[in-house]
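# Observations on the model geometry
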Amino acid sequence: MRSPWPATVKGLNMLEQLIENVHLITLDPEREGAYGLLPNAWLGIQEGKIHSLGQGDAPEAEMTVDGQGQFLSPGLIDCHNHLIWGGNRAEEFEWRLQGRSYQEIAQAGGGIASTVKATRDASDEELYQGAAERLQTLLDEGVTTVEVKSGYGLSLEHELRVLRIAKQLGEAFPVQISTTLLAAHALPPEFKDNSDAYIDLVCEEIIPAAAGENLADCVDVFCEGVGFSPEQCRRVFESARAHRLPVKGHVEQLSDLGGAKLVAEFHGWSVDHIEYLRPEDVPSLKPSGTVAVLLPGAFYSLKETQMPPIQALREAGVPMAVATDLNPGTSPLASLRLAMNQACVLFGLTPEESLRGVSQYAAQALGLGKQKGILRIGFDADLVLWNIKHPSELSYGFNLVKPAAVLRNGAWI
């Protein structure tokens, strides 16, 4: 699609596109200064990739777009998202406000179990349409990559069905979908009081089938008292490794079971939630390259008071990503920009840390750190043009600034 901005079209046999008169928020760690900012610059695009960037004289291009002095950033990345589900849990929202805990609601048949039933009962079309509406809301904010987890099917048939729908969304929308198998999310009703047998199913049937159909980019677990034990999660990780699938984990959200250290042992992509992660366990994440994914939407919705160990993460040099955790029960939040603001207000991140958390480090949390999340030659030309005066505006407010334009693989969308 052609640019909506003033453009000059020239002859062929030259650079495909040039965006000039922009301030580049490169976020490239190799560039000095806040945000890796490159003011009064230009960026060239060729075959969906960033071909060149710089200041001063720019190369000629088939199409040159005037960025009108706006800011150009990498496309935003939501690296923890439960996009596909049936029904909703608005009633549970009311119960929580009446004082019931997350654990009490789960034990009463609510929580994940209620969404599992609604998801199984929904048709493929119903699941697709509901997810498509939520996805479009994210795309309207400048999101160009979204992780989509399974975890509300909890059977071979329904877990694979959700992953297939996620793939269909990636084909229909201008977005890269990263699929995550979260079969070890909760105990389905048919395995009540027999969690080991369900883990057998996950390890011996669901993971091999997902790997065989190339449906999953990663395998996730819910390592928690209301989820699965570290020993059971280890079995899941071992099965994932046997099928050459990377791992990550919902860990230390409600208690400290040592899940983060387990994920690091398997060189997992990310540890997510981590409110109860002990500061002394944080250094174990650095050698494995594991990213800490902060989910302020769930912290907010559950009225949690236990803070993630932000300062310990900073001191250990562990990358901190930020994501929506979009789900029907504990984070009904279809706004990555709001999550950025929450990460600053609730967790004390700086605006730059927050922006890196939904770009540079979010890409690393999805195993995409060598192709997305920063403006660097050879990286995907997933770009957002913002009519702002300073990059801090992207975290400062929500519903105040919307993208002026978005590119996905160099195409104006």
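Note that the structure is a prediction, hence the values are computed from the model and not measured.

Basis of the calculations
- Residues numbered from 1 in each chain as written.
- Predicted model: local features only at pLDDT ≥ 70, side-chain atom pairs only at ≥ 80, totals over all residues.
- Heavy atoms only, no water.
- Domains from an automatic or database assignment.
- Contact = heavy atoms within 4.5 Å.
- Buried area = accessible area lost by both parts, 1.4 Å probe.
- Salt bridge = Lys/Arg side-chain N within 4 Å of Asp/Glu carboxyl O.
- Polar contact = N/O pair within 3.5 Å; in protein donor to acceptor, adjacent residues only side chain to side chain.
- Helix = DSSP H or I, 4+ residues; strand = E, 2+ residues; numbered from the N terminus.
- Buried < 20%, exposed > 50% of the residue type's maximum accessible area, 1.4 Å probe, protein only.
- Phe/Tyr/Trp six-rings, centres within 6.5 Å; stacked < 30°, edge-to-face > 60°.
- Lys NZ or Arg CZ within 6 Å of the ring centre and 35° of its normal.

## Overview of the domain arrangement of the protein chain
Considered domain by domain, the protein chain is made up of domain 1 (15–74 + 375–412) and domain 2 (76–365). Across the boundary between the two partners, domain 1 contributes 23 residues, which contact 21 residues of domain 2. Across the domain 1/domain 2 interface, buried area totals approximately 1800 Å², and carbon plus sulfur atoms make up 57% of it. When residues of domain 1 are sorted by the area they lose upon contact with domain 2, Leu27, Ser395 and Arg408 head the list and together hold 33% of the total. The interface formed by domain 1 and domain 2 holds zero salt bridges in total. Taken together, the links from domain 1 to domain 2 amount to seven residue pairs in polar contact (both at pLDDT 80 or more). Counting only elements with at least two residues in the side of domain 1 that touches domain 2, the list comes to β14 (383–386), α14 (393–396) and β15 (405–408).

## A short note on the pattern of salt bridges
The full count for this structure, using the stated rule, is 20 salt bridges. Here Arg161 ties to Asp124 by a salt bridge, and the two come within 2.8 Å at their closest N and O atoms. Residue Arg161 is found in helix α5 (residues 156–172), and its partner Asp124 is found in helix α4 (residues 124–139); the two are separated by 37 residues along the sequence. The class for Asp124 is partly exposed, based on a relative accessible area of 42%. Two residues, Glu352 and Arg356, come together in a salt bridge whose shortest N-O distance is 3.0 Å. Here Glu352 and its partner Arg356 are both found in helix α12 (residues 351–357), four residues apart, which amounts to about one turn of the helix. Arg356 carries the same exposure label as Glu352, and that label is buried. Among the charged side chains, a network of salt bridges with common partners joins Lys49, Lys372, Asp380, Asp382 and Arg408.

## Remarks on the side chain of Glu141
Of note, Glu141 is situated in the loop between α4 and β7 (143–149). In this view, Glu141 contacts Leu76, Ser335, Leu336, Arg337, Trp386 and Pro403; residues no more than four positions away in its chain are not counted.

## Structural notes on unusual backbone geometry
Positioned with a positive phi, Asp193 is a non-glycine residue whose angle comes to about 65°. With respect to the element layout, Asp193 can be found in the loop between β8 (176–184) and α6 (195–212). One non-glycine residue, Asp325, adopts positive backbone phi at about 55°. Positionally, Asp325 belongs in the loop between β13 (320–322) and α11 (336–347).

## Things to note about the packing of aromatic side chains
One pass over the full model with this rule turns up four aromatic pairs. Between the aromatic rings of Tyr198 and Phe228, the centroid separation amounts to 6.1 Å while the plane-to-plane angle is 25°, which identifies the pairing as stacked. With Tyr198 in helix α6 and Phe228 in the loop between β9 (218–223) and α7 (230–242), the pair connects residues that are 30 residues apart, well separated along the chain. Through a chain of ring-to-ring contacts, three or more aromatic side chains come together here, namely Phe191, Tyr198 and Phe228. For the cation-ring pair, Arg100 lies above Trp95, with the distance from its terminal atom to the ring centre recorded as 4.7 Å. Arg134 extends its terminal NZ or CZ atom over the ring of Trp85, reaching a point 3.6 Å from the ring centre.

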